[in-house]
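Notes for the structure review
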Amino acid sequence: MSISFADLLQSAEQLNADTANAASLPRVHRNLGQIAEAGERLWMKTAAMATDDSADVKASILLGSRGFDVPSMAQKMETLKSTTIEPTEISPVTDIQGFLKGEREQALLGAIIESKNSTMKSASQRHSQALQQFWEEEKERVLSALLGSTKSDFHVPVDIQPLSVNNSYWGKESVMSQDEISFADVIGRRNDAVIAGRRYPLIDEFMSTIHEFGESKAVLDCWELVEVLVNSCCFDDPLLRFKPSNSLDLVKKSVEYLEKGFQQFVQSTICGHLEQAELGGVPGVMELASSYLSVRTQESSVWGLVFVCLRCGSAAAALQALQDDGYEGEVESILENWANISAPSAARDKVRQLYYGGVNNCNDPYKRLVFSILGGCDMERTHGDILTTVQDYLWLKLVHVLTCSSSGRDFRSNKDKISLSEVQEHVLQEYGENHFNSLQSPYLYALVLLLTGLYESAIEVLYRNEESRANAIHLALALHSNGMINLSVTPHQPVLSECEDDPSPHKRLNLTRIIIGYTRKFACSNPTSALNYYYILHGVQNEDGEDMFTVCIAELIQESKEYQTLLGTLDSSGRKTKGAIDRFNVNHSQIISTVAEASEKRGCWEEAVTLYELAHNYDKVLEILNEELSRKLMPNDKAHEHINEIAVNVEPRTTNANTGLRKQFLLLLDLYKFHKLYHCGHDKLEEALSVIGRLQIIPLQQDTINHRVQAFKSFSDELRRCIPDILIMVMSILNKLYKNASKTGNSLYGAQNKQAQKIRDQARVVMRFAGMLPYSMPGDTHAQLSMLDAPMRY
């Protein structure tokens, strides 16, 4: 049935009239805005109430999960809120009682205020220390991430630096690449040899590993140069490397490396162009040089042949080429003595005169270059038309360094002089990283730095790049094994740092920092491998005199939690099985104790107990267990059962611990037994009461009260903390036993119910003991005792 609009309007008017006639309901006139505003007010009020309630609920859940009795705590808080400290009245001097009372109250108030101030001060200091430590850790993490070098030293403790634990590592495959695993195996074998007192060919093992990887030529070039350096030089003190004679020996090795590399390049070029090379005749360097020039220039030049022979490292072949060409002069005399980079001064002066007399402007670039090399002159000229590679340029500069050092003459002009430090300055500052594009080609720039003797800077360049970091670490270890790395004064310095005693532009490498930074990636997934790297730091001390090997092990154990793998375990008989650190000649107990102390400070008491047991420090084991047992005595939950289980397992191995600690420990275990019997029901109450009687801490007879009060004074704080709860449980047991005995007797007041009378007497003794204790118990303890005692007062 359809309804028209007029019908709807009439029905609405009728409803409105009926509402108007209802006198019991007031009329409310509100527009939409007012309704919205009223709803908003109601919503805000409801939200505020809900917020307060939710905060209380969250707080109750948190405290309850930690074992706190939330209802009783709320009552205690209300009691504290209602307690006010009123100012004491000043009594006349003649009122002795009032005067003494006032003095007592003043003393109590003074003690309370002093305690409050000291507590606030201690809390503030601890907060400041925690905040300072947090910022130091953040600063260390940022500096380690930057991995940059600065001229100033930042005193940032390396041992504070926490390892970054990735939860994805646990129970999964190693995060190390195959190359890193192979390197780590070499380090492990090296450590075994060092521990056994054997010499280990570290560089040979590294080279075998590198060839297995199939690395690029740039990587192989760096490793082959380091192999040459390590096999030729060894220093007891890294500072001996800067001695002039030792520096020149290293430069000679770099020159020989460049000459050998160029000869290989010549051979590969000829093999790729056999038709053009026209290789033939007697095999030798001169024949190779001739064929190479045929491929590269298609021109025949005796000076070009001499240069290529010199560049290949064969002065004899260069001399033979000049003699075959019929040349006679001072150049021959110089070449005859070229093997030792020495020549008669007169011959070299004559060559220099010829160079400046016209050779420097001749059309043959090879002749200009050969005269510049043999005469040791015009060293600022780069000869870019012939020397087109970085290796060629460095070879020329290093040869000039050797010729300048051998002549020993100072009257030449500046353009006829050059030193190794000047070459190093050119490489580091005038050219620098941007010129060599170290971000894209780190190995090329590192090779240049290695050739010029800047080993520390080369390692730092490779270490900055994630892909080359593994090679950087092991190149540094190879050089360090022969005393060729100048280490930072302290492990707190940046990766590169400067020292006033070192010649410029040499810097010092922080080997500790780069090893820690490298192992951070796999420390948690491969703790044994990280441990092998840390052993390299054995003997390196921080500013506090601590061995960095010990410091790093402690940090590794704390973060990885691999206690069994690294430290070993205890079998059922208490004997310690070996862990990874047992193969090293270090103080194992000291390391374990350090980790245990750190765990104890963090509140990880269970870990601390395990670690102190491994160190056979059972006094600390009992101290911790006594503290935890006293804290978890009352809550009848899983934490209560767990601590009791641990304590029972440890107890047989604590026979040699401190007598007082062990006595208290056994007493707490008996109290746990009493607690368990108390909660087992009515059938176990008498047995629980007999346990308390045997422990002799709560008197149940009149003549033992004074003795128990005196014994209480010798109790430790852990045991005293349990007494109020034990008193309540004992009174609860007496209350229940009294009710049961009263039901079976004929009269509550007659002598026939001897059991009930005995219980009443025991309750009197407990109440008197509670009143005589020189201990401030919680405010509601006496109230609860009185409530339990009331039914037994007739």
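Remember, it's a predicted structure, so these values are computed and weren't measured experimentally.

**Considering the overall build of the protein chain**
Helix and strand content of the protein chain: 34 helices and two strands. Split into buried and exposed, the 794 residues of the protein chain put 44% on the buried side. Across the protein chain, every contact between residues at least 6 apart in sequence was considered, and the portion connecting residues at least 24 apart equals 60%. For the protein chain, the computed accessible surface area is about 42,900 Å², with 51% contributed by carbon and sulfur atoms.

**Overview of unusual backbone geometry**
Note that the residue after Ser 504, namely Pro 505, is joined by a cis bond; omega there is 5°. Mapped onto the elements, Pro 505 comes out in the loop between strand E1 (496–497) and strand E2 (508–509). In this model, His 616 sits at a positive phi of 60°, which is unusual for a non-glycine residue. Take His 616: it is sitting in the loop between helix H26 (605–614) and helix H27 (618–631). Among the residues examined, His 616 registers a relative accessible area of 46% and is labelled partly exposed.

**Describing the pattern of salt bridges**
One pass over the structure, following the stated rule, counts 23 salt bridges. With its nearest N and O atoms 3.2 Å apart, the salt bridge here joins Arg 368 to Asp 385. With a gap of 17 residues between them, Arg 368 in helix H15 (residues 365–375) and Asp 385 in the loop between H15 and helix H16 (390–407) connect regions that are remote in the sequence. Among the salt bridges present, the one from Glu 460 reaches Arg 464, with a minimum N-O distance of 2.7 Å. With Glu 460 and Arg 464 both in helix H19 (residues 455–464) and four residues apart, the pair spans about one turn of that helix. If you follow the salt bridges from partner to partner, you end up with Glu 433, Glu 460 and Arg 464 in one network.

**Structural notes on the packing of helix H17 (residues 420–436) against helix H18 (residues 442–451)**
Interaxial distance between H17 and H18 falls to 10 Å at its minimum, and their mutual angle equals 160°. In terms of axis orientation, H17 runs roughly antiparallel to H18. In the packing of H17 onto H18, the handedness of the crossing is right-handed. The segment H17 lies against H18, with Val 427, Leu 428, Gly 432, Glu 433 and Phe 436 engaging Leu 444, Tyr 445, Val 448 and Leu 449. When grouped by side-chain class, the residues that make up the contact of H17 with H18 number seven nonpolar, one polar and one charged.

**Points about the side chain of Asn 191**
Within the secondary structure, Asn 191 is located in helix H5 (residues 178–196). When its relative accessible area of 0% is taken as the criterion, Asn 191 is described as buried. Setting aside residues no more than four positions away along its own chain, Asn 191 makes contact with Asn 532, Tyr 535, Arg 583 and Phe 584.

**A look at helix H34 (residues 781–789)**
Restricting attention to buried positions, one finds in H34 the residues Thr 781, Leu 785, Leu 788 and Asp 789. Seen from one end, H34 has its buried residues packed into an arc of 95°, which puts them on one side.

**Concerning the confidence of the model for the protein chain**
Low pLDDT means the predicted coordinates in that region are not meant to be read closely. Overall, the prediction assigns the protein chain a mean pLDDT of 80, with 82% of residues at 70 or greater. Predicted confidence is poor over residues 147–172, with pLDDT under 50, and the contacts of this stretch with residues over four places away or in other chains come to 74 contacts. Between residues 746–752, whose pLDDT stays under 50, and residues either more than four places distant or in other chains, the model counts eight contacts.

**Details of the environment of Asn 482**
Among the secondary structure elements, Asn 482 is positioned in the loop between helix H20 (469–480) and E1. Spatially, the C-alpha atom of Asn 482 lies 8.6 Å from that of Pro 238, the residues being 244 residues apart in sequence. Ignoring sequence-local partners within four residues, the contact set of Asn 482 consists of Val 230, Cys 233, Cys 234 and Phe 235.

**What to know about the nonpolar core**
By size, the foremost hydrophobic cluster in this structure holds 215 residues, and its most contacted members are Trp 223, Phe 307, Tyr 533, Ile 726 and Leu 727. The element best represented in this core is helix H32 (residues 717–744), accounting for 14 residues. Excluding its chain neighbours within four sequence positions, the residues that come into contact with Tyr 533 are Glu 180, Phe 183, Ala 184, Ile 187, Ile 473, His 474, Leu 477, Ile 515, Tyr 518, Thr 519 and Phe 522.

**Details of the packing of aromatic side chains**
Applying the stated criterion across every chain, the model contains 23 aromatic pairs. Seen from their ring centres, Phe 307 and Tyr 366 are 6.0 Å apart, and the 45° between their planes marks the pair as tilted. Here Tyr 366 lies in helix H15 and Phe 307 lies in helix H11 (residues 302–311), a separation of 59 residues in the sequence. Residue classification places Tyr 366 among the buried positions, given a relative accessible area of 17%. Pairing Phe 712 with Phe 715 gives two aromatic rings, centres 5.7 Å apart and planes at 65°, and the pair type is edge-to-face. Taking relative accessible area as the criterion, Phe 712 reaches 0% and is therefore assigned buried. Cluster of aromatic residues (ring-pair linked, three or more members): Phe 183, Phe 206, Phe 213 and Trp 223. Between Arg 469 and the ring centre of Tyr 463, over which it is positioned, the NZ or CZ distance is 4.8 Å.

**Re the packing of H26 against helix H28 (residues 638–650)**
Packing of H26 against H28 leaves a shortest axis separation of 12 Å and a crossing angle of 5°. Compared by their axis directions, H26 and H28 come out roughly parallel. Along the contact surface, H26 presents Trp 605, Glu 606 and Glu 613, while H28 presents His 642, Ile 643, Ile 646 and Val 650. When grouped by side-chain class, the residues that make up the contact of H26 with H28 number four nonpolar, one polar and two charged.

Basis of the calculations
Residues numbered from 1 in each chain as written. Predicted model: local features only at pLDDT ≥ 70, side-chain atom pairs only at ≥ 80, totals over all residues. Heavy atoms only, no water. Helix = DSSP H or I, 4+ residues; strand = E, 2+ residues; numbered from the N terminus. Buried < 20%, exposed > 50% of the residue type's maximum accessible area, 1.4 Å probe, protein only. Contact = heavy atoms within 4.5 Å. Areas by Shrake-Rupley, 256 points an atom, 1.4 Å probe, with all protein chains shown as cover. Salt bridge = Lys/Arg side-chain N within 4 Å of Asp/Glu carboxyl O. Axes fitted to C-alpha atoms, helices over the stretch in contact; angles between N-to-C directions. Parallel < 35°, antiparallel > 145°, perpendicular 65-115°, else oblique. Left-handed = near helix turned anticlockwise from the far one by under 90°. Nonpolar A, V, L, I, M, F, W, Y, C, P; charged D, E, K, R; others polar. Arc of directions from axis to C-beta. pLDDT = per-residue confidence, 0-100. Core = buried A, V, L, I, M, F, W, Y, C linked by side-chain atoms within 4.5 Å. Phe/Tyr/Trp six-rings, centres within 6.5 Å; stacked < 30°, edge-to-face > 60°. Lys NZ or Arg CZ within 6 Å of the ring centre and 35° of its normal.

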